[in-house]
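# Analysis of the macromolecular model
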Amino acid sequence: MGLVTSTEMFKKAYEGGYAIGAFNVNNMEIVQGITEAAGELRAPLILQVSKGARAYANHTYLMKLVEAAIAETDLPICLHLDHGDSFELCKDCIDGGFTSVMIDMSSKSFEENIAVTKQVVDYAHDKGVVVEAELGTLAGIEDEVVVSAEDSSYTRPEDVEEFVTRTGCDSLAIAIGTSHGAYKFKPGTKPQLRFDILEEVEKRLPNFPIVLHGASSVPQDFVAKINEFGGNMPGAIGVPEDQLRKAASMAVCKINIDSDLRLAMTASIREHLANNPADFDPRQYLKPARAAIKAMVAHKITDVLGCNGKA
Ligand code: G3H
Ligand code: 13P
Ligand code: ZN
């Protein structure tokens, strides 16, 4: 198997009532941890690269890391641009070998969102690349863009048919109460995703793959470990995993997870260095960090997404 688009993955996920994990990658250990878990569990995989990750790691290095992941696992892997913020960035990634791009004009007006998304779709489809778009605004931080809870807004189901028809996008990210980053909801509150909106979107867009961003669950044991070993993270909780399982059984075919991998990696590195203060060999702390990412991804695939054995 080589690099694939998400088309087949989403078709099977929709029919099978499960979701594909889209995990953010920034370096070799993260790519390895994710793909080792997916390879062992035979789970189809989306590796996604943000604008910031691409600037950090360099396009060519990332392409070669993903090529290596395919050679090692023989998995169907889709390489996706996460939160593309311009036509030019999407074009660069399409020309550079990505099989999927997201154009995120969700903070712009409906008409501007449609115009730029359609421009990306026309270019991408011509090259066999698929496009994710977004309607509605999530709270939280992505790259340098910060959206406050007051400025976030749920997707309006009455907009989705017109948006998808006019843009020709292949999947749609919607806002139903998730948010980016590790600080989603106050401890003690009961997060509740708006399944009524998801149901209404599903009715209006039958058989159309829906995407959920900001879907980390922020495991409290990792936050506690980070704080135990010198960190200072304010209390916060994430999206309950039972609600993600429910979304995966509905029209949601792609679930984005980044923060939970960061938490697993950081907790492991902090613990290792606290317990081994004389260590200065990066392999000594990156090896358990990679294993922590692998364990987190294995848990998500098996207990949340339900895509194990579907590759
Ligand atoms: O949604 C955003 C992702 O978590 C990527 O974050 O822009 O800091 O790489 P980043
Ligand atoms: P989290 O911050 O909840 O992991 O969301 C990641 C994401 O949506 C990437 O696009
Ligand atoms: Zn996102």
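Just above sits the structure.
A short tour of the structure in this document, coming up. (Residues numbered from 1 in each chain as written. Chains lettered and ligands numbered in written order. Predicted model: local features only at pLDDT ≥ 70, side-chain atom pairs only at ≥ 80, totals over all residues. Heavy atoms only, no water.)

### Examining the environment of Val 49
Structurally, Val 49 can be placed in strand 2 (residues 45-50). Measuring from C-alpha to C-alpha, the distance between Val 49 and Glu 199 comes to 29 Å, with 150 residues separating the pair along the chain. Once residues lying within four places of it in the same chain are set aside, the contact partners of Val 49 are Val 25, Arg 54, Leu 62, Leu 79, His 80, Leu 81, Asp 82 and Phe 98. (Helix = DSSP H or I, 4+ residues; strand = E, 2+ residues; numbered from the N terminus. Contact = heavy atoms within 4.5 Å.)

### What about the site of ligand 2?
With respect to spatial proximity, 16 residues lie near ligand 2, and among them Asp 82, Lys 184, Ser 216, Asp 258 and Ser 259 are the closest. In the model, an oxygen atom of ligand 2 is placed 2.7 Å from a nitrogen or oxygen of the Asp 82 side chain. Take His 213: an N or O atom from its side chain is 3.1 Å from an oxygen atom of ligand 2. Within the complex, the protein chains bury 96% of what would otherwise be the 310 Å² of accessible surface of ligand 2. Counting only elements with at least two residues in the shell around ligand 2, the list comes to strand 3 (77-84) and strand 10 (252-257). Taken together, the residues of the shell around ligand 2 break down into two nonpolar, 11 polar and three charged. (Near = heavy atom within 4 Å. Polar contact = N/O pair within 3.5 Å; in protein donor to acceptor, adjacent residues only side chain to side chain. Areas by Shrake-Rupley, 256 points an atom, 1.4 Å probe, with all protein chains shown as cover. Nonpolar A, V, L, I, M, F, W, Y, C, P; charged D, E, K, R; others polar.)

### Digging into the pattern of salt bridges
For the structure shown, the criterion picks out 21 salt bridges. A salt bridge links Glu 161 to Arg 204; its shortest N-O distance comes to 3.3 Å. Placement of the pair is Glu 161 in helix 7 (residues 157-167) and Arg 204 in helix 8 (residues 195-204), with a sequence separation of 43 residues. We note a salt bridge from Asp 281 to Arg 283, for which the minimum N-O separation is 3.0 Å. Through salt bridges with shared partners, a single ionic network connects Glu 161, Glu 200, Lys 203 and Arg 204. (Salt bridge = Lys/Arg side-chain N within 4 Å of Asp/Glu carboxyl O.)

In short, the description is geometric, and any link to function would need to be established separately.
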